[in-house]
Amino acid sequence: MKNCIPEEIQTLPSTPDALAKSFKRYLIYHIGRKTGCPPNYLFEAVSKTLRDRVMVNWHKTRAAQEQKGVKQAYYLSLEFLMGRALGNHLINLDLTDNMRKTLEGFCMDLEEIESVEADAGLGNGGLGRLAACFMDSCASLNLPVMGYGLHYEYGMFRQLINHGYQEEEPDQWLRHGNPWELRRPEYTQRVHFGGRTEFYRDKNNHLRAHWVDTHDVLAVPYDVPISGYKNNTVNTLRLWKAAATEEFDLYEFNAGDYAGSMAAKNSAENITMVLYPNDSSENGKELRLRQQYFLASASLQDILRRWELREGKNYQYFAEKNVFQMNDTHPTISVAELMRLLMDEKNLGWDQAWAITTKTLAYTNHTLLPEALEKWSVELFQALLPRLLDIIYEINAHFMDAVRAKWPTNIEKQRQLSIIEEGPHPQIRMAHLAIVGSFSVNGVADLHSKLLCQGLFKDFYALWPEKFNNKTNGVTPRRWIVHANPLLTKLINKTIGDEWIADLSKISQLKPFAAEDQKAFHAQFKAVKQANKQRLAHIIQETCGIAFNTESIFDIQVKRIHEYKRQLLNALHMIHLYSQIKQGKTDNWVNRCILVGGKAAPSYVMAKKIIKLINNIAYVVNNDPEVGDKLKIAFYPNYDVSSMEIIAPAADLSEQISTAGKEASGTGNMKFMMNGALTIGTYDGANIEILEQVGEDNFFLFGLKVNEIEALLPHYQPIDYLQQDNDLQNVMHLLKSNHFNALEPHIFDDIINSLLSPHDPWMTLADFRSYVDTQNQVAQTWLNQSQWIRMSIMNTASSGFFSTDRTMQEYNHDIWKLKTIKPQLGTLK
Ligand code: 26V
């Protein structure tokens, strides 16, 4: 439509008065409410006030990034665990103080308004939160990176604890709408499912394929702004929501089957209804494959559309200007989908399409657990994505040629490396497809990347060593220090200035303040921790009815509940401490408050029993007057991003106790470290790098190393450990005697049996002694408070390496090779 809207975009004033005016306009004229309305309307008005200010920079960033010749990266992920947005944007736009003043003028409290926002819980755990931290850092570094994900109606389930058992409730995060998303129906894409392939000859007599008789689903984008830290950049996270096509409905409708047509509509829209809440065992559900293909196809089509808008139909330079990072194997169908789009839709030949595909795709692996490696049945692929299956077969045929060239006489190698796992029910190995189709394959911590090359992907490494690299994870200091810990932020700023926020390596300037003679700084550092412990203790009192004494050690393990993460080892230690108290062995006793939190996959029976066990131990311990303040235990219900913002700053001790070789990296370990917690940890994942950075004097290392675990596994006899260890006998005796489950006898038998089984892959009892001894060292160290504070300061001061700014710079330097793009200030043209 013709118009003469000026292209110039004015920066909006952001003084407290201007914000107040804007807030009132939203509340009264836009939302139609006034004083006394439910808090969600106030949150909406505040957010939209701020969003207007974000919008200006969003326009400018897009204009700068969409110029001809700018190389862009795309982060493809089924999960983005964003948490809340308001506080984060306020920090990035440097408007926290002004907004606080504005709200005070209306007798409102900023923190209270922030707490109204529902977490965007579009992820399971570490992998999803990593994607969110990456987005934050890319924007803060002026990197032209766009995220692509799914707009789930229901994110990660809400966890309730009922009589100690986990119950799941749907997460209706969009109930009150979401002011941070913009629906963009004009960029809707069409995604095919089902049907069959028809081959034909084109006018040049080349064999070409049509995918026909498909059932299509529309992908409607919702754009979320990602602001950078005080740099005017606003990148985009584009989330796809499934919608039924009109023809689909009409076809059924005209046939007179109204109900059938509505059912078809539902089945299309089901694709983005819910996030799969299991993050370990692959379950091969059709709907999950639909989600994966839906994301890959919609995103790639969108990227090709924008390429043509800018560069025309010329694909010669496409690979120079575009790069895709696949977050685990979940979006790996992109390998075949990019081939399909380039060949079937853009008429490129196989070789050119394959050259583009393998120059633009990069794959990050996030787990070594074999049960988490995705496989899809060929049969399902044939029914759902027949054209993609053709392409995968052809990719595999070419790949098998390469394998034969390397190992000419070794048939077994072909069988092991093939993308297709043969057998009565052939499967597609998504990790193999990802490696074959990518120019870069990376792990997420040093040890993890080494184990990939030596173990899981050994033969691929022999074939293509140049593809493999490490990118140690990080977390964003804006959310995990500045937002989560304003008191610490203030103290650090006062001490060394505020440059560390955009360059975390500078936080090492705090190291001199760890020295013994820096009494004043130590006192302030301790006061900050104390205040944060009070904040957490208050919430635990409110939600669990348990009194945490802030003079005690706050000993915290929060993460997904999984056997390999060994919450059970923590539980055994709780029982050990309880048993010591009951035996009167309390000389030099150090009071502890142990907090555990995390969700179990709804179908993961053992993980759910672990939650029940911890709750039952807590009940017995907390209600025993003989125990008192010596030991308190709480299970934090519904652990999520926003809870971690309260929990990490309050921790004295961070529990990172996975079986060595099993935790790819861990990122909670980094959040705790930044906030001054000491780590008790195994030699696993990024713990190793934390230990290297902070020094072994400031880290409580325990347990078997990877090589020791591997050597022991075949002969592992847990009973031997039991026989040699009185403390362990006491603990197992209490467990076996139904001491924590008198009213529900034997409910923990499976747990006991798993611990005592020679086939326990997590080898919990093998690390018990070392863990308990190291926990004793923790307690002894705590008795020397000045030493503890010194160590705590050293942890914060040594955390510079663990910023995702560093991680993103490494991805960019080694893989993406993007130029930074700064939005032009002033007039936009
Ligand atoms: C796997 C599956 C398979 C079944 C369907 C749903 C689903 C969802 C997620 C996953 C991924 C599991 C891998 C994962 O979360 N890895 C974690 O990645 C973190 C970031 O790199 C890392 O810090 C953790 O150590 C690692 O466990």
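Notes on the structure follow.

Criteria and cut-off values
Residues numbered from 1 in each chain as written. Predicted model: local features only at pLDDT ≥ 70, side-chain atom pairs only at ≥ 80, totals over all residues. Heavy atoms only, no water. Near = heavy atom within 4 Å. Polar contact = N/O pair within 3.5 Å; in protein donor to acceptor, adjacent residues only side chain to side chain. Areas by Shrake-Rupley, 256 points an atom, 1.4 Å probe, with all protein chains shown as cover. Helix = DSSP H or I, 4+ residues; strand = E, 2+ residues; numbered from the N terminus. Nonpolar A, V, L, I, M, F, W, Y, C, P; charged D, E, K, R; others polar. Buried < 20%, exposed > 50% of the residue type's maximum accessible area, 1.4 Å probe, protein only. Pairing = 2+ DSSP bridges. 1 Å grid on protein atoms, 1.4 Å probe; cavity = no way out; pocket = protein on both sides within 12 Å on 5 of 7 lines; lining within 4 Å. Points joined across faces, edges and corners; volume = space filled by probe spheres on them. Salt bridge = Lys/Arg side-chain N within 4 Å of Asp/Glu carboxyl O. Core = buried A, V, L, I, M, F, W, Y, C linked by side-chain atoms within 4.5 Å. Contact = heavy atoms within 4.5 Å. Axes fitted to C-alpha atoms, helices over the stretch in contact; angles between N-to-C directions.

Taken together, the neighbourhood of the ligand is formed by 20 residues, with Asn278, His366, Asn473, Glu663 and Gly666 sitting nearest. In the model, an oxygen atom of the ligand is placed 3.2 Å from a nitrogen or oxygen of the tyrosine 564 side chain. Burial of the ligand by the protein amounts to 95% of the accessible area it has alone, namely 600 Å². The element best represented in the shell around the ligand is helix H6 (residues 126-140), accounting for three residues. For the shell around the ligand, the per-class residue count stands at five nonpolar, ten polar and five charged.

Okay, the pairing of strand E23 (residues 653-656) next. Sheet faces and side chains relate simply in a regular strand, where the side chains alternate between the two faces. Every second residue of E23 is oriented toward a common face, with Leu653 and Glu655 on one face and Ser654 and Gln656 on the other, all of them buried. Two elements, strand E20 (residues 553-558) and E23, share two bridges in a ladder whose sense is parallel. Note that in E23 the partner of isoleucine 556 across the bridge is serine 654. Across four bridges, the pairing between E23 and strand E24 (residues 678-681) is parallel.

Per the counting criterion, the structure on display carries three cavities of 30 Å³ or more. Lining of the largest cavity is provided by Lys559, Gln656, Ile657, Ser658, Glu663, Ser665, Gly666, Asn669, Asp684, Gly685 and Asn687. Looking at side-chain class alone, the lining of the largest cavity contains one nonpolar, seven polar and three charged residues. Estimates place the volume of the second largest cavity at around 40 Å³. If you tally residues by element for the lining of the second largest cavity, the top one is helix H21 (residues 519-544), at four residues. Tallied by class, residues from the lining of the second largest cavity come to three nonpolar, three polar and one charged.

A few words now on the layout of surface pockets. Space inside the second largest pocket adds up to approximately 620 Å³. Taken together, 27 residues make up the lining of the second largest pocket; nearest its centre are His163, Gly164, Asn615, Asn616 and Tyr619. Looking at the lining of the second largest pocket, the elements that each hand over two or more residues are H21, helix H23 (605-622) and strand E22 (631-636). In terms of residue class, the lining of the second largest pocket is made up of 14 nonpolar, ten polar and three charged.

With that out of the way, let us pick up the side chain of asparagine 178. Assignment of secondary structure puts asparagine 178 in the loop between strand E6 (165-169) and strand E7 (182-183). Looking at asparagine 178, its side chain comes within polar contact range of the main-chain nitrogen of tryptophan 180, at 2.9 Å. One polar contact links asparagine 178 to glutamate 181, side chain to side chain, over a distance of 3.1 Å.

Moving on to the pattern of salt bridges. Within the structure shown, the criterion is met by 49 salt bridges. Its salt-bridge partner being glutamate 286, residue arginine 290 comes within 2.9 Å of it at the nearest N-O pair. Taken together, the positions of arginine 290 and glutamate 286, both in helix H9 (residues 286-311) and four residues apart, correspond to about one turn of that helix. On the basis of relative accessible area, arginine 290 is assigned to the partly exposed category, the value being 22%. What makes glutamate 286 partly exposed here is its relative accessible area of 37%.

With that out of the way, let us pick up the nonpolar core. Judged by nonpolar contacts, the single largest core of 163 residues is most densely connected at Phe294, Phe381, Phe399 and Trp816. Sorting elements by how many residues they give to this core places H9 first, with ten residues. Residues in contact with phenylalanine 294, not counting those within four places in the same chain, are Leu150, Val191, Phe193, Val217, Leu218, Ala219, Trp240, Lys241, Ala242, Ile271 and Thr272. Counting 57 residues, the second-largest nonpolar core is a separate cluster that includes Ile492, Leu510, Ala648 and Phe802.

Pairing between sheet strands relies on hydrogen bonds along the backbone, with the strands arranged either parallel or antiparallel. Taken in spatial order, the six strands line up as E22-E21-E20-E23-E24-E25 in an open sheet, and their pairing is parallel. Bordering the open sheet on either side are E22 and strand E25 (700-701), each of which pairs with just one other strand. Two elements, E24 and E25, share two bridges in a ladder whose sense is parallel. Bridge pairing links isoleucine 680 to phenylalanine 700 in E25. Running over the sheet, H21 touches E20, strand E21 (592-597) and E22 and is turned about 70° from E22. Its contacts with the sheet place H23 against E21 and E22, and it is angled at close to 145° to E22.

Next up on the list: unusual backbone geometry. The residue asparagine 142 is not glycine, and still its phi comes out positive at about 60°. Following the sequence through the fold, asparagine 142 ends up in the loop between H6 and strand E4 (145-150). Within the chain, aspartate 328 stands out as a residue other than glycine whose phi angle is a positive 70°. The class for aspartate 328 is buried, based on a relative accessible area of 5%.

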